[in-house]
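# Reading the structure
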Amino acid sequence: MRRFENRTILVSAAADGLGLAIAERLAAEGGTVVALDRSDEAMTAARTRPEAAGIRFEKTDLMDLADITDTIARLEADGLRFDTLVNNAGGSLHTPRPFLEETDDHWKLVMDLNVAATVRLTRAILPHMLEKRFGRIVNLGSKAGRYGSLFTGANYVAAKGAVQSMTLQLAQEFGPSGITCNAVCPGAILTPRVERLLSERMTQAEREAAIAQIPMRRNGRVEDVASAVAFFAADEAGFITGQMLDVNGGQGMCS
Ligand SMILES: NC(=O)c1ccc[n+]([C@@H]2O[C@H](COP(=O)([O-])OP(=O)(O)OC[C@H]3O[C@@H](n4cnc5c(N)ncnc54)[C@H](O)[C@@H]3O)[C@@H](O)[C@H]2O)c1
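Quick summary incoming for the structure in this document. (Residues numbered from 1 in each chain as written. Predicted model: local features only at pLDDT ≥ 70, side-chain atom pairs only at ≥ 80, totals over all residues. Heavy atoms only, no water.)

## As for the site of the ligand
Near the ligand you find 30 residues, and of these Asp37, Asn88, Tyr156, Ile189 and Arg193 are the closest. For the ligand, an oxygen atom lies 2.7 Å from a polar atom in the backbone of Asn88. Contact between the ligand and Gly90: an oxygen atom at 3.5 Å from a main-chain N or O atom of the residue. Alone, the ligand offers 840 Å² of accessible surface; in the complex the protein occludes 90% of this. Residue assignment for the shell around the ligand shows that the elements contributing at least two residues are helix H1 (17-28), helix H6 (154-174) and helix H7 (192-201). Of the residues in the shell around the ligand, the class split is 14 nonpolar, ten polar and six charged. (Near = heavy atom within 4 Å. Polar contact = N/O pair within 3.5 Å; in protein donor to acceptor, adjacent residues only side chain to side chain. Areas by Shrake-Rupley, 256 points an atom, 1.4 Å probe, with all protein chains shown as cover. Helix = DSSP H or I, 4+ residues; strand = E, 2+ residues; numbered from the N terminus. Nonpolar A, V, L, I, M, F, W, Y, C, P; charged D, E, K, R; others polar.)

Given below as structure tokens:
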């Protein structure tokens, strides 16, 4: 499929994990893709991947408003106007799960990465979409934001809940301008980081028991999430907006 041949696409936090898989999927289908990330190391590794050959990586700290503003100005100066934005930056930043152990600093960090980065990047890119009278915004929610979490704390659950609610509001406000806004809400996906965490924190027997709770009887793969994002980003999803798509092998029904 070559669904994104005439598209200019921005993906945040995209030198590793889900963001990289999403960027590679959209590029494989013909999109002009820019990937923002703050890690030199991750970008250097990503650039060696044949799948990432056509992707432009730009160093940006998505928790820093000035950095976001400078990056977007640089991309605009190069003539880029985005019609597709994937707000992938996020995570629990491994802050404590127990509510009583979470400090204000933990809350601020997680809100900044998940919510403020999404707000700021969306605010910067919407003018491009309004000019084109066409746009696709895909936000990364989470199973945690939908149903709570066994691994992450209230700060992350609340941050993803905020991203998911904002998705509804943006869908209503910008639908009349031809812009859709949807959220993909993954369960645990075996990115290199999650794989490392699970192997440190769970025994093989615990991991097998966890998989037995998932109707599809396997962990999620980055490609599962990339296909869901590609679905919302495609032209053919033009009448679908304000939706949350669970990508969790059915686990949401069981937890
Ligand atoms: N992995 C999962 O199981 C899972 C499940 C549900 C939802 N999600 C959501 O999917 C998204 C991606 O998750 P992931 O696990 O692939 O992420 P990750 O933690 O593996 O990070 C991916 C990239 O984000 C970059 N990054 C981190 N902070 C940044 C910052 N301030 N500025 C710029 N880049 C930054 C990192 O350098 C890295 O390259 C997040 O929003 C996460 O909440 C992930």
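After that view, the rundown keeps rolling.
## Considerations on the environment of Thr241
Along the chain, the position of Thr241 falls in the loop between helix H9 (222-233) and strand S7 (244-247). Thr241 sits in the partly exposed class, given a relative accessible area of 30%. As a C-alpha pair, Thr241 and Thr180 span 61 residues in sequence and 5.1 Å in three-dimensional space. A polar side-chain atom of Thr241 sits 3.0 Å from the main-chain amide nitrogen of Cys181. (Buried < 20%, exposed > 50% of the residue type's maximum accessible area, 1.4 Å probe, protein only.)

## Quick notes on the sheet that holds strand S5 (residues 135-140)
Pairing is parallel in the open sheet, where seven strands are placed in the order S3-S2-S1-S4-S5-S6-S7. One side of each edge strand has no neighbouring strand; the edge strands of this open sheet are strand S3 (56-59) and S7. Neighbour-to-neighbour, the strand axes of this sheet turn through a mean angle of 20 degrees, independent of strand direction. Along the sheet face, H6 touches S5, strand S6 (179-186) and S7 and points at about 160 degrees away from the line of S6. (Pairing = 2+ DSSP bridges. Axes fitted to C-alpha atoms, helices over the stretch in contact; angles between N-to-C directions. Contact = heavy atoms within 4.5 Å.)

## Side note on the pairing of strand S4 (residues 84-87)
What you see with S4 is no split at all: Thr84 and Val86 on one side and Leu85 and Asn87 on the other are buried throughout. Bridge count for strand S1 (residues 8-12) against S4 is three bridges, and the pairing is parallel. From the neighbouring strand, Leu10 faces S4, where its bridge partner is Leu85. Relative to S5, S4 is paired through four bridges, and the arrangement is parallel.

## Observations regarding unusual backbone geometry
Peptide bonds are mostly trans, and most non-glycine residues show a negative phi. The residue Ala13 is not glycine, and still its phi comes out positive at about 50 degrees. Relative to the elements of secondary structure, Ala13 occurs in the loop between S1 and H1.

## Some details on the pairing of S3
Judged from the four bridges that link them, strand S2 (residues 32-37) and S3 form a sheet pairing that is parallel. Each residue of the ladder has a partner; that of Leu36, found in S3, is Glu58. The β-α-β motif built from S2, the intervening helix H2 (residues 40-47) and the parallel element S3 has right-handed crossover chirality. (Right-handed = clockwise from strand over helix to strand, strands pointing away.)

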